[in-house]
Amino acid sequence: MTEKNFLTKTLTETMLTRRSFLKWSAALGGTAALAGGVSYGLKVAQATAEKAASEGEWVPAACWGNCGGRCLNVAHVVDGVVTRQKTDDTHPDSPDFPQQRGCSRGRSQRQRVFGADRLKYPMKRAHWEPGGGDKSLRGKDEWVRISWDEALDIVASEIKRINDKYGPGSILWGTNAVAAAAGYVNTWGSTSSGTWAYTAPRVITSQSNMGNDRLDMRKSKLIVMWSTDPICSSGGSPAYHYLQSKKAGAKFIFVDPFFTNSAQVLADEWIPIRPGTDTPMLLAMGYTLITEDDPATNPLIDWDFIKKNTIGFDNTSLPDGVEPDENYRDYVLGLDASGHPAPVGHKNYPAKTPEWASEICGVPPEKIRSFAIEIGQTNPVAFMQSDALARVNNAQSVGQAFVAIAAMIGSIGVSGGGFGQTRHAAAGNRGPNLINLGSSGTVLDSPKNPVSARINNNEVWDAVLTGKYTDGVGPKKDINIQMVYHTKGSRLQTTVGQAKGIQAMRKVEFALTTDFHLTTGARYSDVVLPVTTMWERDGYVTNPNREAVFWASKVIDPLFEAQDDAWIDWQLGLRLGVYDPNLTEISNLQQAVNRVAGATVVKEDGKTTEPLVSITEDDLKALGVTGEPQTGRIPIMDFKKAGSYQVPRSEGDNFTFIALKDFRKDPVANPLDTESGLVELYCQKLADDVTALGWTAIRAIPAYIPPERGYETTFSDWENKVKGPYPLQMYNKHYWRRSHSEFDNVLQLREAFQQEFLMNPIDAEARGIKNGDIVKITSSEGSSIRPVLVTDRIMPGVTQLPHGAWTEYDESLGVDKAGSDNYLEAGVPTVEGHSGFNSQNVQVEKWNGPGLAPDAQWPQRIPLKEA
Amino acid sequence: MAKQLGFYFDSSACTGCKACAIACKDRSSLPVGTNWRHITDYGGGGWVPDPNHPDLLIANNIYVYSLSTSCMHCEDPACVNVCPTTAMYKRDDGIVLVDASKCIGCRYCEWACPYGAPQFSEEKGVMTKCDFCQDLQAQGLDPACVDACPMRALEFGELDELRAKYGDVQAVDPLPDPNITHPSFVMTPHKNSQPVGSGNGKILTVSGKV
Amino acid sequence: MTGKEWALITFTILAQMSVGAFVVLGIVHFFAARKAGDEQADRLSDMALLAIGPVLVLGLLASFGHLGNPVNAPKAISNLASSWLSREIFSSVTFAVLGAAFALMQWRKIATPALRNAIAWLAALVGLFLVFSMSQVYMLQTQPAWDTFATPVQFFATTFLLGSLAIGSAFVANYAYLKGKDPDCAEAQCSLVRVALKWIALASIVILGVEMISLPLQLSLLASSPSAVAQASAALLFSQFAGLFAVRLVLVFLGAGLLALFVYRYASQPGSESLMGTLAYSAFALVLFSEVVGRFLFYATHLRIGL
């Protein structure tokens, strides 16, 4: 009886003092409460509700995933134990003024904070010694509990020893104390934004300046959702905003390899497209717009905008000295400098016709054509994407090609239009914050990191293993990493090339992780330090989106011996002799109050601001902080109690945002931050900066480079369409169970979302695979096994492995059982050095080995038996 | 006093995100294995050669919709009818509850309920089920699932009023025939909804079941 | 298959066998009394009667194994108004009480034969109602594999098949016991036993026929049903459980058909009592095994419609 085992295990192996354990298990409906024969569910719920009425209080609790939603989470605390959660009910709900409702992840936070697998004590690996001990046991060794003193002494002495022995640049990642004492190597490279990181500011504008606000989006006639799935990736309000656009009459067209859950609710049409083939499709759409446009009979192109606000569209608007056929139009139409069709071998050959694109992207040419004409003819169109199309190897040009279409169809700077990134906190709702937080008022400066060496994410594990990394054009540089500090960001889990990463972790002399669960990094470390979650600290103040500000309180005291990251850094700094013990930072609560006190909120006129909160002397005393009384919109204690302040919006209010509206009207008076001040469809800076990184020389126009591990590479013979050893594409989608890699250990989420591998029935049948089978997925990096969901929702030839599962490598089977995306992904540095998560080729076969228990039944990672 | 409380569900707005089901689990501290609210993704369609390009496969009417259902607090509840101890009972306001102090854990109701509402607790040996958050309602609050939905796809109230407001669709595939137990449930179907019992689509899970 | 299912398999098999044995015993006793007088009839059947009780009690105790919370078990008769399960439990208790009362009275020869008879009749009727209730428990709209004509037919078939063969074996055992104890009486018993076994063998063959008709009919009903769940239930019998299903059919054919034929033959031949007895035991064993497998399949292949 697995449920009984798990509940029993959870209860007996967890928690706190015995007294609070009993209370907590009672609150969770556990054995203690039931021992007396109290009926389950119903009566326990009654008991909880009665408690709710009489004791306990509702405390705003942080929801701190990197999902972008960051909705309001409130915890019910009874005697220091959280019995349940609720979401936003601080004001009545309406589409114009919606509650900030959380998703299934946020609703599971208390399972995460109070899970039996919380790290409770500092620990070290049983077979570790200075120098590493038996490094091959990293990831499978036993754990030994140690005291904080011993742990911090070990860390400090290892930092000193390694830095002394190998010199600066031997520590990978670190905190302020490490920077001050030795310096550390950092990694770099766009992960979330793909190639937009370099493209956006050089070609047009920062991504935070793309798209319109949610009320304006109700005016759209047509919303193109290209590789964006807000329902999964930005849980909470964004999908609700899009629903209002739909109710207001907008048509939705989704372009995606997968019929997403956003599409199921919003889409009027779904255009399936192979991952990584968006550039050809966009170029072919440009071809269609240009060739079909007739200003008199069939106006498709916004020529005013092209002429006034862009450069590089054709040979009339190129910078001096540039070859005349190095422009967007000639490239798309496949013309040479004289305007004739370019011959084979010419840099602009072939014409980027829909037929040319169709062979690559899998969209019928008739559809490419009709889609381009439709967005050309419709006004206004919101032409939106969420960067997944740019998280593809070699795809530097996709952003520029995307902007070119947006420019041509008149989506930039118009009401009901909008272009570019719709993602994270601004999904479906762009615009400057209506509430701006003040500064935290920290008194200590961050020490400078003396090590300037930076390794690209795609190369980091190779750099550890081979001692070489790329730093621009020219020969690789030397590096000798002997310590890895997993301080935040779950790097070992979320960096490409994880199979190599594990090898790298077994090579260095010392590995350290601070975390609150035995995540991937912790598992492969020598010393693990337990940190507090956001529920165990003050200081969480944030803008979840432009219209609101949250202030979460400390919900409970730190569990067991968990400590703040800041305290750990402080202790390390003292031991390393780089911190002055008399100079301490102000408290988290003081920082929070400073930010809140300094917060300003835009008034109804949309222009002037006022302080957000009023503060009295009594308030300051009650909070136990320093400050000055002030007047503002709401009393500070009201804000603290509610945990949220949200600016009410309504149709016709003054909070509209239309990105680049002024630029459209007058590009001279309101230039962009690009080199020319205009939209650069020819962008020299992009070409120069990317080429200088040393991996790929690119053109200044959006020229297509077939991606490594894209669609073309599934063939060993492209001409004759003969498939190679890895004939299927694999991409990694944001997944409901997790926010990146967070929440993967929460049992009820593992039950609700089972990390299935997705395949099309045609591909499955060809391999004798049925829905529900366990399949083995193999890439150039290794193999994983997963239950397969065979579904028509995904294109033939394409597979999907949800992003973020914590690797669970099984030595005897030689496979990763968890389906970690990065275990199968390779680090391939191309163009701007972004991570091309959505480019990988795999083979899939039925697994004939031992079966796989459902994820929710896997044992929790509890490293120490309870003392 | 209500006559018959019921749920309204808008399948055209439901994304299958499970926030409602998780909110329910959190509110009642349900363990893995016990789920009082079920989310069902149902879909169909296929891939066919493009008529103009036979080598190219195109999507042919691919659709997906999601259903969020809990206990239906049926007007003619099978669980109440078959329960040997009267542990399963229906209140004046229409809510169907289990009195665990009478339950013998024979699981007969589990066999009889078309909606999978009664859930056996291994730990305690009795049945558990959605209780319409009747204690929250007593405080004037909404059921946890209703307040949780980020798409506002769930409502509850007097069944007659819900019917007057939203019509009388009680089921789509793969929900069971509503004539078996007359669920106190009104829904707005998704535009691609399939008729009850048609079997046109599939439940989109690795087990093929919810 | 969980522990709960084994408890139900045990309970339904043993309870049905008890009812069947009780009724068959009553019929045999009636005709035996007409042919050879009450005393011989009693001698034939009293031991068998006393054996029924413990079997029924064992079955009732086993049923507790399927309850998650047996402490509330007495409450299970609270819903006679609408629950067939309540009715089943009520009638099983009533049958047990009446059967026990009759057995006690018969054993101690309390009161008049007429009164004892009346109680026996009542017990038998309640017992038949018990089997009927059991079958109705499974006639749920949500369980297409169960909600067919075959369920009550199979339950009654099991009742009388196992009941007959159990009684047959009981008679054989009783005869062997009497032979050892009182050879004269045994002679008189011999022909009674042989006649009884002849009829029991015939009954087995007929009931075998009923099973062999109803099982395929039910399967084709399910396999051709528009309900995907019904089809899936049928499919289980052809895939995962095909082997067991074959075993079930072969064994009941061997026991209730082939062996019963030989029981009939040797029951008709004076002097072959020993062989007849062995065959009777074997037939009972094979059929009991087959019925248990059949009941196992009954629980293993049910699938609920809906969510």
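On a predicted model such as this, the values are computed, not experimentally measured, just so you know.

Describe the overall build of chain A, and please don't skip the residues or the numbers.
When its secondary structure is counted, chain A shows 30 helices and 38 strands. Taking 2.2 N^0.38 as the reference for a compact globule, 867 residues should give roughly 29 Å; the C-alpha atoms of chain A span a radius of gyration of 28 Å, in line with that estimate. Seen through its principal axes, chain A has C-alpha atoms that stretch 85 × 65 × 55 Å. When the 867 residues of chain A are sorted by exposure, 64% land in the buried category. Across chain A, every contact between residues at least 6 apart in sequence was considered, and the portion connecting residues at least 24 apart equals 71%. When the accessible area of chain A is evaluated, it comes to approximately 29,700 Å², of which 50% is carbon and sulfur surface. Each charge class in chain A was averaged separately, 89 positive and 102 negative side chains, and the resulting centres sit 4 Å apart.

Provide a residue-level description of the pattern of salt bridges, including the pertinent values.
All names here are of chain A. Taken as a whole and judged by the stated rule, the model has 65 salt bridges over all chains. The partner of R423 in a salt bridge is D387, and the shortest N-O contact between them spans 2.8 Å. Placement of the pair is R423 in the loop between strand 13 (419–421) and strand 14 (435–436) and D387 in the loop between strand 12 (381–385) and helix 17 (397–408), with a sequence separation of 36 residues. D744 serves as the salt-bridge partner of R738, at 2.7 Å between the closest nitrogen and oxygen. Like R738, the residue D744 is buried in the burial classification.

Just give me the short version of the domain arrangement of chain A, but keep the residues and values in it.
All names here are of chain A. When its domains are assigned, chain A resolves into domain 1 (3–118), domain 2 (119–167 + 437–485 + 500–520 + 535–598 + 608–653), domain 3 (196–423 + 662–692) and domain 4 (712–857). Using C-alpha coordinates to define each centre, domain 2 is positioned 32 Å away from domain 4. Note on domain 2 versus domain 4: buried area summed over both sides is about 930 Å², and carbon and sulfur give 48% of it. Counting the surface domain 2 buries against domain 4, the share from its top three residues, N458, I502 and T520, is 47%.

Give a description of the arrangement of the chains that names residues and reports values.
Between chains A and B lies the most contact-rich interface of the 2 pairs of chains that touch. Nowhere do chain A and chain C come into contact; their C-alpha atoms are at least 10 Å apart.

So what's going on with the sheet that holds strand 1 (residues 57–61) of chain A? Residues and values would help.
Residues and elements named next belong to chain A. Spatial strand order, 1-2-3: 3 strands in an open sheet with antiparallel pairing. Of all the strands in the sheet, just strand 1 and strand 3 (81–87) have a single pairing partner and so form its edges. Averaged over all neighbouring strand pairs, the angle between strand axes comes to 35°, with direction disregarded.

Give a detailed account of the interface of chain B and chain A, specifying residues and quantitative values.
Taken together, the contact between chain B and chain A spans 65 residues of the former and 77 residues of the latter. Taken together, both faces of the contact between chain B and chain A bury some 5,600 Å²; the carbon and sulfur share is 58%. The largest contributions to the chain B side of the interface with chain A come from W47, R152 and V206 of chain B, which together make up 14% of the buried area. Summed over the shared surface of chain B and chain A, the number is 3 salt bridges.

Summarise the nonpolar core; cite the residues concerned and give the values.
With 99 residues, the main nonpolar core has F22, Y138 and F171 of chain C as its most contacted residues. In contact with Y138 of chain C, not counting residues within four places along its chain, are Y108 and W111 of chain B together with L8, T12, W146, D147, T151, F155, F298 and Y299 of chain C.

Give me the sheet that holds strand 12 of chain A: which residues, what numbers.
Residues and elements named next belong to chain A. Reading across the sheet, the 5 strands line up as 10-9-8-12-13 and stay open at both edges, with parallel pairing between neighbours. Each edge of the open sheet carries a strand with a single partner, namely strand 10 (269–272) and strand 13. For this sheet, the mean angle separating the axes of adjacent strands, direction not counted, is 15°. Pairing geometry for strand 9 (residues 251–256) and strand 10, over 4 bridges, is parallel. Within strand 10, the residue paired with D256 across the bridge is P272.

Describe the interface of chain C and chain B, and please don't skip the residues or the numbers.
Contacts between chain C and chain B engage 32 residues on the former and 34 residues on the latter. Carbon and sulfur atoms make up 61% of the area that chain C and chain B hide from each other, which totals about 2,400 Å². The tally of links from chain C across to chain B stands at 0 salt bridges. Across the contact surface, chain C and chain B share 24 residue pairs in polar contact (both at pLDDT 80 or more). Elements with a minimum of two residues in the side of chain C that touches chain B: helix 1 (3–36), helix 3 (84–108) and helix 4 (113–137) of chain C. Classifying every residue of the side of chain C that touches chain B gives 14 nonpolar, 15 polar and 3 charged.

Analysis parameters
Residues numbered from 1 in each chain as written. Chains lettered and ligands numbered in written order. Predicted model: local features only at pLDDT ≥ 70, side-chain atom pairs only at ≥ 80, totals over all residues. Heavy atoms only, no water. Helix = DSSP H or I, 4+ residues; strand = E, 2+ residues; numbered from the N terminus. Rg over C-alpha atoms; globule rule 2.2 N^0.38 Å. Buried < 20%, exposed > 50% of the residue type's maximum accessible area, 1.4 Å probe, protein only. Contact = heavy atoms within 4.5 Å. Areas by Shrake-Rupley, 256 points an atom, 1.4 Å probe, with all protein chains shown as cover. Lys, Arg positive; Asp, Glu negative; His and termini not counted. Charge placed at Lys NZ, Arg CZ, Asp CG, Glu CD. Salt bridge = Lys/Arg side-chain N within 4 Å of Asp/Glu carboxyl O. Domains from an automatic or database assignment. Buried area = accessible area lost by both parts, 1.4 Å probe. Pairing = 2+ DSSP bridges. Axes fitted to C-alpha atoms, helices over the stretch in contact; angles between N-to-C directions. Core = buried A, V, L, I, M, F, W, Y, C linked by side-chain atoms within 4.5 Å. Polar contact = N/O pair within 3.5 Å; in protein donor to acceptor, adjacent residues only side chain to side chain. Nonpolar A, V, L, I, M, F, W, Y, C, P; charged D, E, K, R; others polar.

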